[in-house]
Amino acid sequence: MKIQGATGRDLAVGARGEALVGLAGSAYEEAVLRGDVYAVANQAGVTSQAGLSVTTPVLTLANPVNSGVYGVLWNASAVFLVAFGAAAAVWLAFGRYSATAVTGTLTTAHINLLTGQSGGNKVVAYLAATLPAAPVAIDQLGVGLTGAITTVPALLAIEKWYNGSIFIPPGCNISVQTSTASGASGQLNSFIWEERIITT
């Protein structure tokens, strides 16, 4: 059924009288077009620590205390190029609020997904980060195993789309951690995130 809208255009209406609407673009297009979405990945393999560690040499997203934004996690992933010495849980780990800043090596590999340039982000990506306290595991991404990885032609990344359901408030951080150490220089991670200005 159609009804005449105020602009003179027909509006689609369902059987119960509800307005029928559709997306004008992709689900994530608006945030990207605002210039608020970033991605980062390890450019070389590293070795993870065993357990939920304050010192993680993989990849960390840290939101500084005075950033003025929420980090909004869209995607987290991990790949492993070397077999684990012992089977490992692969966690998404959350660092609770601390006024003490995360430290480490800043990576310039992050990209704004609108401009294709690095810079402009408030949430910071670190390599070899030192966290103010050990994080807590909030999700299971997968399992790292000990079998030879050369016996299959390809392996998919261990990843999850969170679709913005995990916020990283100022003073908090996100990392991927493993219950046992990864194979030597064998782990690579990536994150996609949005930044939203805190208005209240």
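These figures come from a predicted structure and were not determined experimentally. (Residues numbered from 1 in each chain as written. Predicted model: local features only at pLDDT ≥ 70, side-chain atom pairs only at ≥ 80, totals over all residues. Heavy atoms only, no water.)

Draft legend 1. The packing of aromatic side chains, seen in detail. Taken as a whole, this structure holds five aromatic pairs when the rule is applied. Summarising the aromatic geometry, the rings of tyrosine 28 and tryptophan 74 are spaced 4.5 Å apart at their centres and angled 40 degrees between planes, so their arrangement reads as tilted. Highlighted residues: tyrosine 28 in the loop between β2 (10-12) and α1 (29-33) and tryptophan 74 in strand β6 (residues 69-80), separated in sequence by 46 residues. Judged by its relative accessible area of 6%, tryptophan 74 is buried. An angle of 65 degrees between the planes, with centres 5.0 Å apart, marks the rings of phenylalanine 80 and phenylalanine 84 as edge-to-face. (Phe/Tyr/Trp six-rings, centres within 6.5 Å; stacked < 30°, edge-to-face > 60°. Helix = DSSP H or I, 4+ residues; strand = E, 2+ residues; numbered from the N terminus. Buried < 20%, exposed > 50% of the residue type's maximum accessible area, 1.4 Å probe, protein only.)

Draft legend 2. Spotlight on the sheet that holds strand β9 (residues 111-112). Within the open sheet, the five strands sit side by side as β9-β3-β14-β6-β12. Their pairing is antiparallel. The open sheet terminates on both sides in strands that have one partner only, identified here as β9 and β12 (158-168). (Pairing = 2+ DSSP bridges.)

Draft legend 3. Structural detail: the pattern of salt bridges. Going through the model one piece at a time under the given rule, you end up with four salt bridges. Ionic pairing is found between aspartate 139 and lysine 160, a salt bridge with its closest N-O pair at 2.8 Å. Here the residue aspartate 139 occupies a position in strand β11 (residues 136-144), and lysine 160 occupies one in strand β12, the gap between them amounting to 21 residues. Of the residues examined, lysine 160 reaches a relative accessible area of 30% and is grouped as partly exposed. A salt bridge links glutamate 194 to arginine 196, with the shortest nitrogen-to-oxygen separation between them at 3.2 Å. Sharing partners across several salt bridges, the network here consists of Arg34, Asp36, Glu194 and Arg196. (Salt bridge = Lys/Arg side-chain N within 4 Å of Asp/Glu carboxyl O.)

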